[in-house]
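Here are the chains, one letter per residue:
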Amino acid sequence: MIRRFPTCFLLIALALLSLSARALEPGDDAEVFTSDGGVSVTLLPMADGNQALVRLNGVDHALDGVVMLARIEQRPNDERAYRAEIDGKMRSLVVFARSYWAPTDYTAYIPGREEPYALMADEEGSARVDKAALMAEYEQQTEQGVQAALARFDRDKALERHKDALRAVDASASKVCGTEVTTRVNWKGLDNEQLNSLSISGYCGQVAAEMEHLCRKEADFKQKVAEVSGIDCGFGDTLDLRREAGKLVFRTREDARNQREAITGFLRNL
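Residues numbered from 1 in each chain as written. Predicted model: local features only at pLDDT ≥ 70, side-chain atom pairs only at ≥ 80, totals over all residues. Heavy atoms only, no water.

Draft legend 1. Looking closely at the overall build of the protein chain. Helices and strands together make up the secondary structure of the protein chain, namely ten helices and twelve strands. Rg of the C-alpha trace for the protein chain: 25 Å, well past the compact-globule value of 18 Å for 270 residues, more than 25% over. In terms of its C-alpha atoms, the protein chain occupies a principal-axis envelope of roughly 75 × 60 × 30 Å. Within the protein chain, the proportion of its 270 residues that are buried is 39%. Excluding contacts between residues fewer than 6 apart, the proportion of contacts in the protein chain whose partners are at least 24 apart in sequence is 46%. (Helix = DSSP H or I, 4+ residues; strand = E, 2+ residues; numbered from the N terminus. Rg over C-alpha atoms; globule rule 2.2 N^0.38 Å. Buried < 20%, exposed > 50% of the residue type's maximum accessible area, 1.4 Å probe, protein only. Contact = heavy atoms within 4.5 Å.)

Draft legend 2. Structural context of the side chain of S35. The topology assignment puts S35 in the loop between β1 (31–34) and β2 (40–45). Not counting the four nearest positions on each side in its chain, S35 is found in contact with Y117, A118 and L119.

Draft legend 3. Layout of the sheet that holds strand β12 (residues 247–252). With mixed pairing, the four strands of this open sheet are ordered in space as β9-β10-β12-β11. Strands at the two margins of the open sheet, each flanked by one partner only, are β9 (183–185) and β11 (240–244). Across the sheet, the mean angle from the axis of one strand to that of its neighbour is 20°, orientation sign disregarded. Along the sheet face, helix α10 (residues 259–268) touches β11 and β12 and points at about 160° away from the line of β12. (Pairing = 2+ DSSP bridges. Axes fitted to C-alpha atoms, helices over the stretch in contact; angles between N-to-C directions.)

Right under this line is the structure:
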């Protein structure tokens, strides 16, 4: 049996398709930018002025060659950022900011990398861009779920990143203090938002970092560190550091102030 839908539903569906098509209607000509490091960026603004297709090439990252639909965030002084959701968080891929000393106004940012890429206009490359082909590439990748996969938060990857950073802090403290320093974190107690927005090693690694600092300054402090079996860290409502059965139990919070001073004061009285 053929199911017939009311005319109003069909009209609504057609209207939504029309709006979607208009939302992704290309605007001005595409621009291509390149960096000294071989990174290439293609920008194609949409007719609505609020979105743009952004493709990065030449980067050792999962973003390489993926056409992202970025939201254009307008900023003061006519600056703007082209932002897309990567790994569960909106991130700036390209930023335009007028500079009176740099040779370019555009900068590319790769998620997870500290160093940005200064971009120079590539007029020849811009002239070669096929807007229809770029749109088709975006649609094909969207159907394949490429952008959706990049947008999803990878908790396991985030955990490994935080654990590696914390291990580096512990290793440095262990070397300076001459004894093993181990920080254990209640990872299950951290939600995805915390893992995606906080530097866990900056919070939980602060105790080990202050131990290292005191070991450098005071030779006698190394013996105190040798008597500590480990550091247990978690997040809570208050800032607290205490000693329990030979280990240090540290509780911090996201808006904790004077964390370093509080830790140093406690460690001096071990």
